[in-house]
Amino acid sequence: MTTRRTLAMLYVLHSWAGILVGLWVFVVGVTGALLVFKAEIDLWANPSLVDLPRAASPVGPDAVLRSLALERPDVVPTLLQPPNEVNPSWFVFSGGSGGSERIKWSARADTGEIVSPVDSELGQFIRNVHVFLLFGPRWPVGFLGVVVLFLIASGLVIHRKISSSLFTLHWGRSFRVVIADVHRVAGVWGVGFHVVIAFTGAWLGLAPVFEQTYRLLADSGERPRVEAPATSAALAAVAVPPALAPSVDRFLARAVEDIPGLRVELIALTRWGRDEPRLRFSGRIEGALSSALEVTYDMRSGALLERSAPADGSALMALDRAMEPLHFGNFGSLGLKWLYFVLGLGQAALAASGTLIWLERSKLRLRDVAAGSAPAQGASQGHV
Amino acid sequence: MFERCMIGLHAAAAAALALIAIVSLLFGSRFELLTLNAGPGPWVWLGAWLLLSLLIAGQRRPVAGWRLGLGACSVLFGVTAVLGLLRRAPLALPVGATLLLLAAGAGALALAIDESRVLAVRGRRRALAGAPTRRPSGVGRTARRASDAGRWRVRAATAIAWGLCALSFCVFFAWAQARSGGRVEAAGHAGMLLVFFVLVPGAGGGAWFPRAFAAIWLLSAGSMSWLALRVERPALLALALAVALCAVARLVRGGGALPEKVPA
């Protein structure tokens, strides 16, 4: 049985933690709900792509790369994105690191012809707000996930009357009562979703932090440095003639053999046009709750350098691969996406209503203090 | 003012996103919105968010602020939907329909916020607050002063504890951001975890469990010292010492008296 002292403590901590991160949770909730449809938003924001045809059997990456080399020989491709159920065309990315300008090109799926640079990545912009707060690293949002987990746990303990609040919404009462009801209803109905989102968000955000900490404790603080990307001049110096370049198409077919059922979503071209070029195919298996399946090849020797398949690695790695689909809701049907969208907006409503309750309580407290009376119960601490 | 600002920031966030979508649709490649490129997109969004927030916070009554914010959302969602259709954007119909649905929802919510209901409840409260209240008698001025001094001491101790948490986190954050790929960066990450999972919970529960707080903070001070020596940054030892002193002070003084009221 929870003592009154513990409940009082949890009220104070819940309300103060809530007011500190409430606005952030709200923004993350709204952007997270939109992110369920990230690919659709990215496509929608580019009217220039409306006429690109969908091909029954799209051309392979070689045709796209050939077309890019003809169109813009000075450009170093870094990433390829094959057509999928939302995007009818290929996308090629170039630059983006080492200070070079990042350009995203679209290419016809039926011929591989480069059509035009893509104007906007609105969906990706929303993702940057959600994950990085536009400018920061990823871990702040991981810490936020932990705070949200605490808010959920403390909210459940202090609320107590969970079943009765499932259907309690006093529309005819005061603003404060309605907001409090919205807070409880949104919290209780979506509790499973909120826990999953907060936990997976904390995991995704804090995994690199724990990894670095482990590295320190295991006494291997040094990390291999990332090589500078190829510049156009360097490319010109050591570029492999396209005719002699190994076929990316062949490696793509091999990747699907090495990870049966893999649906390739991204092809990363590392050190493209230089010595020891590498190809990394990443994607997922249709219907499986697993992301970040990857296979990396050395293009020169054809050697398989790294593979991350469902059968590979420990249970922890399998859990790690399930985190992203669970967080972004992209492992199921359209219905699941809509469910994530609505529940994501519910999370934003939860944050906003919590902040409003705090504000109302603190106003009552100030008014009571001004009137010289004892503060109302709970209002003394800005209880939610 | 804090309330109005918070309402403004909440109500304007989604509206600013809609505004970015409108600008992106209107200007296309002339408005840089590609990841990793230092385009104006983030600044336009932040600027629009803050300006709209200020506009909403300028409303004297909170309900009016909410109505303005939700109204702005409704209008901007509607404009975004129509613009997508006019520009013949891919998926213009389903995205437009969703945006119009959201616009209708925001508009309905703006209309549903009933100002008279809020004001009526506040009026009742004001009447109650205006009634003569019985002040506690027999409490001497000296006792009140002593109680005030005690309260200020508790507040100062709390402020110092949280200040130390914030300062430690900033230091470790700066280390982690160094991107040196070496031990300092790893120590920064470890330090952030230490602050977040050990120091902050210790500070949060310190008023209720002073001994546990002291033990946790002493443990943190030890860990911080270890990190400082590990990466050869002796300056951090000063912070670790401050954390240890804070813990000892709490142990000597005991916990602050907190009310045990639980709202009904």
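Residues numbered from 1 in each chain as written. Chains lettered and ligands numbered in written order. Predicted model: local features only at pLDDT ≥ 70, side-chain atom pairs only at ≥ 80, totals over all residues. Heavy atoms only, no water.

All names here are of chain A. Taken across its eight residues, strand β6 (residues 278-285) has six buried, putting it largely inside the fold. In this structure, strand β5 (residues 262-270) lies alongside β6, joined through eight bridges in antiparallel fashion. Note on β6: the bridge partner recorded for Thr 270 is Arg 278. Note that β6 and strand β7 (residues 293-298) share six bridges and pair antiparallel. (Buried < 20%, exposed > 50% of the residue type's maximum accessible area, 1.4 Å probe, protein only. Helix = DSSP H or I, 4+ residues; strand = E, 2+ residues; numbered from the N terminus. Pairing = 2+ DSSP bridges.)

Residues and elements named next belong to chain A. For the coordinates displayed, the defined rule picks out 15 salt bridges over all chains. A salt bridge links Asp 74 to Arg 72, with the shortest nitrogen-to-oxygen separation between them at 3.2 Å. For Asp 74, a relative accessible area of 40% gives the class partly exposed. Across the salt bridge formed by Asp 110 and Arg 108, the nearest N and O atoms sit 2.9 Å from each other. Classification of Asp 110 as partly exposed rests on a relative accessible area of 34%. Of the residues examined, Arg 108 reaches a relative accessible area of 26% and is grouped as partly exposed. Among the ionic contacts, a cluster of salt bridges with common partners joins Glu 85, Arg 263, Glu 265 and Arg 284. (Salt bridge = Lys/Arg side-chain N within 4 Å of Asp/Glu carboxyl O.)

Time to look at the sheet that holds strand β2 (residues 90-94) of chain A. Residues and elements named next belong to chain A. What the eight strands build is an open sheet, ordered β4-β3-β2-β1-β5-β6-β7-β8; its pairing is antiparallel. In this open sheet, the two strands that pair with only one neighbour each are β4 (114-117) and β8 (304-308). Taking the axes of each pair of neighbouring strands and ignoring which way they run, one obtains an average angle of 20° across the sheet. When strand β1 (residues 77-81) meets β2, the two strands line up antiparallel, connected through four bridges. Of the residues in β2, the one forming a bridge with Leu 80 is Val 92. Taken strand by strand, helix α9 (residues 248-258) contacts β5, β6, β7 and β8, and its axis lies near 135° from that of β7. (Axes fitted to C-alpha atoms, helices over the stretch in contact; angles between N-to-C directions. Contact = heavy atoms within 4.5 Å.)

Counted by the stated rule, this structure contains zero disulfides over all chains. No disulfide involves B:Cys73; its nearest neighbouring cysteine sulfur is the one of B:Cys5, lying 17 Å away. (Disulfide = S-S within 2.5 Å.)

All names here are of chain B. Here chain B averages 81 in pLDDT, and 80% of its residues register 70 or above. Mean pLDDT across the secondary structure elements of chain B bottoms out at helix α5 (residues 115-130), with 53, and peaks at helix α4 (residues 92-112), with 92. Residue range residues 131-135 is modelled with pLDDT below 50. Its contacts to residues more than four positions away, or to other chains, number four contacts. Low confidence marks residues 256-264, where pLDDT is under 50. Its contacts with residues over four positions away, or in another chain, come to 27 contacts. In the model output, the complex is listed with pTM 0.84 alongside ipTM 0.83. (pLDDT = per-residue confidence, 0-100.)

By the element assignment, A:Asn46 lies in the loop between α2 (38-44) and α3 (61-71). By relative accessible area, A:Asn46 is classed as buried at 1%. When sequence neighbours within four positions are dropped, the list of residues in contact with A:Asn46 reads A:Val118, A:Asp119, A:Ser120 and B:Pro90.

To continue, consider a nonpolar patch on the surface. All names here are of chain B. A grouping of Leu 218, Val 248 and Val 252 is seen on the molecular surface, where their side chains present a nonpolar patch of about 270 Å² in accessible area. Along the chain, the position of Val 252 falls in helix α9 (residues 235-253). On the accessibility criterion, Val 252 (68% relative accessible area) is exposed. (Patch = residues over 30% accessible without salt bridge, like charges linked within 9 Å, V, L, I, M, F, W, Y side chains within 5 Å. Areas by Shrake-Rupley, 256 points an atom, 1.4 Å probe, with all protein chains shown as cover.)

Another aspect to go through is the packing of aromatic side chains. This structure, assessed with the given rule, holds 19 aromatic pairs over all chains. Seen from their ring centres, A:Phe143 and B:Phe169 are 5.6 Å apart, and the 75° between their planes marks the pair as edge-to-face. Residue A:Phe143 is located in helix α5 (residues 139-159), and its partner B:Phe169 is located in helix α6 (residues 141-176); the two belong to separate chains. Its relative accessible area of 23% is what places B:Phe169 among the partly exposed residues. The interplanar angle of 55° and the centroid separation of 6.0 Å between the aromatic rings of A:Phe199 and A:Trp203 together place this pair among those described as tilted. Of this pair, A:Phe199 and A:Trp203 both sit in helix α7 (residues 191-217), four residues apart, which is roughly one turn of that helix. Given a relative accessible area of 39%, A:Phe199 falls into the partly exposed group. In this structure an aromatic cluster arises from ring pairing among A:Trp139, A:Phe143, A:Phe210, B:Phe169, B:Phe173, B:Phe196 and B:Phe197. The ring centre of B:Trp175 lies 5.6 Å from the NZ or CZ of B:Arg233, which sits over that ring. (Phe/Tyr/Trp six-rings, centres within 6.5 Å; stacked < 30°, edge-to-face > 60°. Lys NZ or Arg CZ within 6 Å of the ring centre and 35° of its normal.)

As a further point, take the environment of A:Glu257. Residues and elements named next belong to chain A. Along the chain, Glu 257 turns up in helix α9. On the accessibility criterion, Glu 257 (62% relative accessible area) is exposed. Taking the C-alpha atoms as reference, Glu 257 lies 53 Å from Leu 13; in sequence the two are 244 residues apart.

Our next topic: helix α10 (residues 315-328) of chain A. Residue and element names in this part refer to chain A. Here α10 spans 21 Å end to end across 14 residues, near enough to the 20 Å set by a 1.5 Å rise per residue. Of all the bends in α10, the largest measures some 25° and sits at Ala 322, one to four residues before the proline Pro 325. Regarding α10, the residues found buried are Arg 321, Ala 322, Met 323, Pro 325, His 327 and Phe 328. Residues of α10 that are buried sit in contact with α1 (4-35), α4 (122-132), α7, β7, β8 and α11 (334-371). (Expected span 1.5 Å × (residues − 1). Bend = angle between axes of the 7 residues up to and from the residue.)

All names here are of chain A. Where α1 contacts α11, the axes come no closer than 8 Å and their chain directions differ by 155°. Relative to α11, α1 is oriented roughly antiparallel. Note on packing geometry: the crossing formed by α1 with α11 is left-handed. Counted together, Ser 15, Trp 16, Ile 19, Gly 22, Val 25, Phe 26, Gly 29, Val 30, Ala 33 and Leu 34 of α1 and Phe 341, Gly 344, Leu 345, Ala 348, Ala 351, Ala 352, Thr 355 and Trp 358 of α11 form the full contact between these two elements. Split by residue class, the contact of α1 with α11 holds 13 nonpolar, five polar and no charged. (Parallel < 35°, antiparallel > 145°, perpendicular 65-115°, else oblique. Left-handed = near helix turned anticlockwise from the far one by under 90°. Nonpolar A, V, L, I, M, F, W, Y, C, P; charged D, E, K, R; others polar.)

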